[in-house]
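What the coordinates show
For reference, the chains in residue letters:
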Amino acid sequence: MGNTPPSPSFLISPERMWRHLNKLFFWGIFSSLTVQKASLDCDTRRTNKFHSPSLDSETKVVTRGQNVSLTCSNQNESLQITYFLFRREKHLRTHTGKGEPMIFNLSISEAHELGPYKCKAQVSNCSMVKYSREFNFTFVDPVITPVLNIHVVNTETDQHLILRCISFNGSLPISYTFFEKDVAISPPISKHVREPAEFNITKNNAGEREEYRCKAKNELPDYERYSQPVSINAAPGGDSCPFCLQVLLPGLLLVLIVIISILAFRILPKYKARKAMRDKTPRDYRNTATEVGIYANICENQAGKESVPGLEPRQCVSTAQDGTQHSQEIQYATPVFQKGAPGVHEARNDCKTGYIYSELIF
């Protein structure tokens, strides 16, 4: 009966309990040290100047549908950093790296894809977070082939050229440069409005044939367009004076107009007066040389006499019928020539003497 009753199974011996308490104590100490070490690491990184990341791209201007790259980086290369890319409030990509920048590849097709973009950098196993500045892209329309016009003014010794270049499409501002052959002869001329760039040059007339062109370029990188070449011939020196003609031509035209007006005012009244006199003069169709009619000649010998050739004339009767169908009788005489007696004849001062006269008998 002296046996000790057994203890319940749920009771833990003091030695065992002490061992459990020691384990809990050491685990608490370890956890506390780990938390303190992590906090010390974050403080150490903070004292090492963990700067805000930078967000940048090779270009800020793009065309629609262009592929671009955004680079997010931090100056501290010894930390494990996670980078987050945002467009406005929308999260796009995440990359983790150490000692190297993160590159995000994008395609810009719509206006809302221009930005703003922002990069977030967070140290791994630490609550330290830094943000970059915002970054925006800009749409730019490429320039088209420009048009070059050249106005030439020639003088006796020199040739003045006015070169004008314009591209009718492309985002402003546009920079223009003029070339003679392949050598630039002007600095870049920037235009913020849609108007031609102008450049003046003076050359000697004795020069040879020259070729000019111009280049147009806007903010779009690695994109430029050249105009078609324009050739200019050198004017012959001293042989002509186009500038003089330009000055004198208006005066010559004015003098010509005045002369024509004076002649018109002097000749026109005379012409009208002659025409009026011609209209008032009565026409005698019987005496006109152009009268149209039918003529018939009737020649008869004198009654009861024989005709003696050379002595006796014959009477001829002609009848004429004009355009009015009226008949008229015209009598003609046939002349007979007979040698006359010699005598003293009158001599004219303006003609030579020595003529032989005969008498005319009707």
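Per-chain numbering applies: the sequence of each chain, read as written, is numbered from 1 onward. Predicted model: local features are reported for residues with pLDDT of at least 70 only, side-chain atom pairs are reported and counted for 80 or more only, and whole-chain, interface and lining totals are derived from all residues. Hydrogens and water are ignored here; the side-chain numbers use all heavy atoms of the structure.

Scanning the protein for helices and strands turns up two helices and 23 strands. When each of the 362 residues of the protein is scored for burial, the buried share is 23%. Any pair of residues with heavy atoms lying within 4.5 Å of one another is described as a contacting pair. Long-range contacts, defined here as pairs at least 24 residues apart, represent 54% of the contacts in the protein between residues at least 6 apart. Surface summary for the protein: the accessible area is close to 27,100 Å², and the carbon and sulfur share equals 56%. By definition, any uninterrupted DSSP run of H or I lasting at least four residues is a helix, any uninterrupted run of E lasting at least two residues is a strand, and each is numbered from the N terminus. Buried residues are those whose accessible area, probed at 1.4 Å on protein chains only, stays under 20% of the maximum for their type, while exposed residues exceed 50% and partly exposed ones sit between those limits. Throughout, the Shrake-Rupley method with a 1.4 Å probe supplies accessible areas, and for residues the shown protein chains are the sole cover considered.

Here the focus is the packing of aromatic side chains. Two rings from Phe, Tyr or Trp (for Trp, the six-membered ring) form a pair when their centres are within 6.5 Å of each other. A pair whose planes differ by under 30 degrees is stacked, one over 60 is edge-to-face, and the rest are tilted. Enumeration over the complete set of coordinates arrives at four aromatic pairs. With centroids separated by 5.9 Å and ring planes inclined at 20°, the aromatic side chains of F178 and F199 adopt a geometry described as stacked. Placement of the pair is F178 in strand β12 (residues 174-180) and F199 in strand β15 (residues 197-204), with a sequence separation of 21 residues. Ring-over charges, as used throughout, are those where CZ of Arg or NZ of Lys falls within 6 Å of the ring centre and within 35 degrees of the ring normal. Directly above the aromatic system of F139 lies the positively charged group of R64, at a separation of 4.3 Å from the ring centroid. Stacked on the ring of F84, the Lys or Arg K120 has its end atom at 5.0 Å from the ring centre.

Attention now moves to the sheet that holds strand β3 (residues 66-73). Pairing is antiparallel in the open sheet, where three strands are placed in the order β1-β3-β6. Only two strands of the sheet have a single neighbouring strand rather than two, namely β1 (54-57) and β6 (102-108). Strand-to-strand twist of the sheet, defined as the mean angle between neighbouring strand axes without regard to direction, takes the value 25°. A strand pair is defined by DSSP finding two or more bridges across the two strands. Fitted lines through C-alpha atoms serve as axes, helices being fitted only where they are in contact, and the angles separating the N-to-C directions of these axes extend from 0 to 180 degrees.

A few words on the confidence of the model for the protein. Averaged over the protein, the pLDDT score is 74; the fraction of residues at 70 or greater is 59%. Note on scores: pLDDT gives the predictor's confidence for each residue, bounded by 0 and 100. Scored below 50 in pLDDT, residues 287-296 shows 16 contacts in the model against residues more than four places distant or in partner chains. pLDDT under 50 marks residues 298-308. Its contacts with residues more than four places away, or in other chains, come to 14 contacts.

Together, V255, I259, L263 and I267 line one region of the surface with nonpolar side chains, adding up to about 370 Å² of accessible area. Among the secondary structure elements, I267 is positioned in helix α2 (residues 242-280). Like-charged residues within 9 Å of one another, or nonpolar side chains (Val, Leu, Ile, Met, Phe, Trp, Tyr) within 5 Å, are grouped into patches, provided each residue has over 30% relative accessible area and no salt bridge. A carboxyl oxygen of Asp or Glu within 4 Å of a side-chain nitrogen of Lys or Arg is what we treat as a salt bridge.

Here we take up unusual backbone geometry. Across the junction of G115 and P116, the peptide omega takes the value 10°, indicating a cis bond. Among the secondary structure elements, P116 is positioned in the loop between β6 and β7 (117-123). Of the consecutive residues L172 and P173, the connecting peptide bond is found in the cis state with omega at 0°. With respect to the secondary-structure elements, P173 resides in the loop between β11 (158-166) and β12. The phi dihedral of K181 falls on the positive side, at around 60°, and the residue is not glycine. Tracing the backbone shows K181 in the loop between β12 and β13 (183-184). Residues other than glycine seldom take positive phi values, yet D222 does so here, at roughly 55°. Looking at the element boundaries, D222 is found in the loop between β16 (210-217) and β17 (225-226). By relative accessible area, D222 is classed as exposed at 82%.

If you look at the biggest cluster of nonpolar residues, it comprises 24 residues, and the most contacted ones within it are L55, L70, Y83, I108 and F137. Elements with a minimum of two residues in this core: β3, β4 (80-87), β6 and β7. Excluding its chain neighbours within four sequence positions, the residues that come into contact with I108 are V62, T63, R64, G65, Q66, V68, E113, L114, Y117, F137 and F139. Counting residues in each nonpolar core, the second largest holds 18 residues, with L148, Y176, F178 and F199 among its members. Nine residue types can take part in a nonpolar core, namely buried Ala, Val, Leu, Ile, Met, Phe, Trp, Tyr and Cys, and a core is a set of them joined through side-chain atoms within 4.5 Å.

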